[in-house]
Amino acid sequence: MSVHEECGVFGIISPGTADVSGFVYYGLYALQHRGQESCGIVINDDGVFSSYKDLGLVNEVFSADALARLPKGNMAVGHVRYGTTGGTNRNNCQPIEVNHQKGKMAIAHNGNLSNAAVLRNKLELDGAIFHTTSDTETIAYIVTRERLKTPSIEDALSAAMYSLDGAYSLVLMSSQKLLCARDPYGFRPLCYGKTEDGMYVAASESCALKAVGAEFVRDLEPGEILVFGPEGITSRREHCGKKEKKLCVFEYIYFARPDSVIDGVSVHGARIRAGEILAREHPADADLVVGVPDSGLDAALGFSRASGIPYGIGLIKNKYIGRTFISPGQNTRLDQVRIKLSAVEESVRGKRVVLIDDSIVRGTTSERIVRLLKEAGASQIHMRISAPPFLYPCYYGTDIDSREHLIACKYDTEETAKQIGADSLGYLPVSRLCGLAQGYAYCSACFDGNYPTPVPADTRKDRFEQKLSDRKRNRA
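Residues numbered from 1 in each chain as written. Predicted model: local features only at pLDDT ≥ 70, side-chain atom pairs only at ≥ 80, totals over all residues. Heavy atoms only, no water.

## Some remarks on the environment of Gln94
Residue placement: Gln94 occurs in the loop between strand S4 (73–81) and strand S5 (96–100). If sequence neighbours within four positions are ignored, Gln94 has contacts with Cys39, Gly40, Lys53, His79, Arg81, Ile107, Ala108, His109, Ser134 and Thr136. Polar contacts involving the side chain of Gln94 include one to the side chain of His79, which spans 3.5 Å. (Helix = DSSP H or I, 4+ residues; strand = E, 2+ residues; numbered from the N terminus. Contact = heavy atoms within 4.5 Å. Polar contact = N/O pair within 3.5 Å; in protein donor to acceptor, adjacent residues only side chain to side chain.)

Below you can see the structure in the form of structure tokens.
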């Protein structure tokens, strides 16, 4: 099992009517690494919303015909999903659209509300009827409720943020405005840029801005609301500075693309530093350093530079298969590992190999990769992990929801090495995470259990589906 990704959000506003669907398509393509379950686009053509959403990758869902059916417009929002609340079905595809008394809204969300169950229960008791099992619909309901009482959509969003707890980076579109918001902790990244012809673009990562030819302007501050509308750009900062910044440090280790820059820190540079730290903290007597594609490659390069051990290509990734966690069953997952990676025998035969990967969750994937290299003739495998061991669940958008499945909760480091077949194993120390983020405050709760918000009582990803089945049994 690999760590499951986040979601990716994208929004664009043009000074005039344009083929905004094409921009969103390429923006979502650049964010595909953040979510591979489903995707969607909502176009705003002078207040008329048109949308297309479905399960699958961006290039599978948005064929040339599907894109051609979307109208031109002056605004659009898009989303790629990996769900940490709610199952994989078409109802949970985003962006979520709402028609209310004061107009229309479409919302795309990256993150996870730690108080989603409490909020949803309260809304249901007040008469709300939910059509999805995603916490994004909870956000949409709260914003809509506030919109009926406030003079503007930005006032409504600001009022709603007082009720939301946990991680959320939002792109929200009304009939006339495009809004972006980042939670007061800044758990998830969000930035914006501008094209030469005057379009403003917001996205989860700066790599998506580059993909559509937009120049990066800046990251949103934790708690900030940005409003793009007829009056220009307005920054709302009433929620800024309310909490200590807690960007998810795993963005630098795994989630984000290496060519992105988040809160002023290069993701590629952070991973290089992780490898250098590993080389100093857990040296190995070896002949070759190999990274597990793709997120282990940068750290492997850093390990090689710091240790003086040559860097080599020991694993080749099949680029035409999705990441291993997409498969729902363990047997299928192992089959995908087998066809996803293959060893380069000429590189590793007879060599003592330092193998760099971003994390170990259950250990099944690591075991298979170690076996691949040993079957290819590697004499020793010294595994180094560019993250600390996972010891605690995450409630902010990383799909680690049970300690019972975490190998580090069952075995110490030496025992884990034996379980995966490695000759030695070393993790990045928790105390050295600050070297990745270059002094920025970050969330490392999945490694150390220090949660910035209260821990929810029910942490199951399918808790709302389970709730529905319980009701059906009760009625029966």
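## Section: the sheet that holds strand S12 (residues 225–229)
Strand order in the open sheet formed by 6 strands is S5-S6-S7-S8-S12-S13, and the pairing between neighbours is antiparallel. This sheet does not close on itself; its edge strands, each paired only once, are S5 and strand S13 (232–236). For this sheet, the mean angle separating the axes of adjacent strands, direction not counted, is 20 degrees. Note that S5 and strand S6 (residues 103–113) share 5 bridges and pair antiparallel. Across the sheet, His100 pairs through a bridge with Gly103, a residue of S6. Packing against the sheet, helix H6 (residues 153–161) makes contact with S6, strand S7 (166–174), strand S8 (178–182), S12 and S13, and its axis sits at approximately 20 degrees to S8. (Pairing = 2+ DSSP bridges. Axes fitted to C-alpha atoms, helices over the stretch in contact; angles between N-to-C directions.)

## So, a nonpolar patch on the surface
On the surface, a nonpolar cluster with roughly 250 Å² of combined accessible area is contributed by Tyr311, Ile313 and Ile316. With respect to the secondary-structure elements, Ile313 resides in the loop between helix H10 (297–307) and strand S18 (315–317). (Patch = residues over 30% accessible without salt bridge, like charges linked within 9 Å, V, L, I, M, F, W, Y side chains within 5 Å. Areas by Shrake-Rupley, 256 points an atom, 1.4 Å probe, with all protein chains shown as cover. Salt bridge = Lys/Arg side-chain N within 4 Å of Asp/Glu carboxyl O.)

## Things to note about the nonpolar core
When a protein is soluble and globular, its nonpolar side chains tend to lie buried together. Within the largest apolar cluster, 70 residues are counted, with the highest numbers of intra-cluster contacts made by Phe250, Leu355 and Phe447. For this core, the element with the most residues is helix H9 (residues 267–281), which contributes 6 residues. Listed in part, the 28 residues of the second largest apolar core include Leu31, Ala76, Cys207 and Leu209. (Core = buried A, V, L, I, M, F, W, Y, C linked by side-chain atoms within 4.5 Å. Buried < 20%, exposed > 50% of the residue type's maximum accessible area, 1.4 Å probe, protein only.)

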